[in-house]
Each structure stands twice: as C-alpha cells, then as structure tokens.
Amino acid sequence: MTRCASCELIVLDPREEKPSQTCPACGIVRKKALSEREHRCGCGFAATRDQASALAMLAAGLRLKGREPSWAMRSAKPETCSRAA
Ligand SMILES: [Zn+2]
C-alpha cells in the first residue's frame, strides 16, 4: 500500500533572504563573519548559526505564504535590537 503525504515546496533565494545573517525571531539582519558560529540577537533569540539559518529560511517561506512563524516576536522591531550593525 502506498501512502502519500502532501507537502509544499517553497523555493527561496538565499542570496536575497540572507538566512545566516537574519534573526529568525525578529527579522533583523546583522552581518556575521563565517567564524561566528552562534547566533545571539538583542531580541533574546540564541541558537547555533546553522539552526538559526534553517529557522530563518523556514520563517521566510511561511511569511511568503502569509503565515507568521510561531516563534517570531511580533512586537520586536529591528530598531530595538541593540546588536544591530
Ligand atoms: Zn532577533
């Protein structure tokens, strides 16, 4: 018996989304050196660089579909992030 799970593929351009530089919680973009392996944002979100990048891409895809990621901080504004550069 063959089962089929439905899924949706959303294609994003990482050059536009900049997932390794974007906070998946508040959306602020902060340039990081490749040697910086942790994502720590002034909004309080912290994760490894790769985890944060994956979540940033997922968040971008969800927002493209008009859905807000459950982990996003809706009230956070980029100008409130103290680590913004
Ligand atoms: Zn943040």
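In this text the structure is predicted, and so the values were computed from the model without any measurement. (Residues numbered from 1 in each chain as written. Predicted model: local features only at pLDDT ≥ 70, side-chain atom pairs only at ≥ 80, totals over all residues. Heavy atoms only, no water.)

Considerations on the coordination of the zinc ion
Logical step 1: Every protein donor of the zinc ion is listed here as C23 (SG), C26 (SG), C41 (SG) and C43 (SG), and their distances to the metal cover 2.3 Å.
Logical step 2: Each of the 4 donor atoms bound to the zinc ion contributes to angles spanning 105 to 118°, and the resulting shape is tetrahedral.
Logical step 3: The motif formed by the donor residues of the zinc ion, counted along the single chain, is C-x2-C-x14-C-x1-C. (Donors = N, O, S within 2.8 Å, 3.2 Å for Na, K, Ca; no water. Tetrahedral: all angles 85-135°; square planar, octahedral: opposite > 155°, others 65-115°.)

Digging into helix 2 (residues 49-64)
Logical step 1: Taking 1.5 Å of rise per residue, 16 residues should cover 22 Å, and helix 2 covers 22 Å from first to last C-alpha, within 8% of that figure.
Logical step 2: Of all the residues in helix 2, the buried ones are R49, A52, S53, A56, A59, A60, G61 and L62.
Logical step 3: In the core, the buried residues of helix 2 are packed alongside helix 1 (14-17), strand 1 (38-40) and strand 2 (46-48). (Helix = DSSP H or I, 4+ residues; strand = E, 2+ residues; numbered from the N terminus. Expected span 1.5 Å × (residues − 1). Buried < 20%, exposed > 50% of the residue type's maximum accessible area, 1.4 Å probe, protein only. Contact = heavy atoms within 4.5 Å.)

Here we look at the pattern of salt bridges
Two side chains of opposite charge can pair, provided their charged atoms sit close to one another.
Logical step 1: All told, the structure shown has 6 salt bridges when counted by the stated rule.
Logical step 2: Here R40 makes a salt bridge to E38, at a shortest N to O gap of 3.1 Å. (Salt bridge = Lys/Arg side-chain N within 4 Å of Asp/Glu carboxyl O.)

Things to note about the nonpolar core
Logical step 1: C23, A25, C26, I28, C41, F45, A47 and A52 together form the largest nonpolar core, which totals 8 residues.
Logical step 2: Discounting residues that sit within four places of it in the chain, A52 has contacts with P19, P24, H39, F45 and A47. (Core = buried A, V, L, I, M, F, W, Y, C linked by side-chain atoms within 4.5 Å.)

In short, geometric facts, not functional conclusions.
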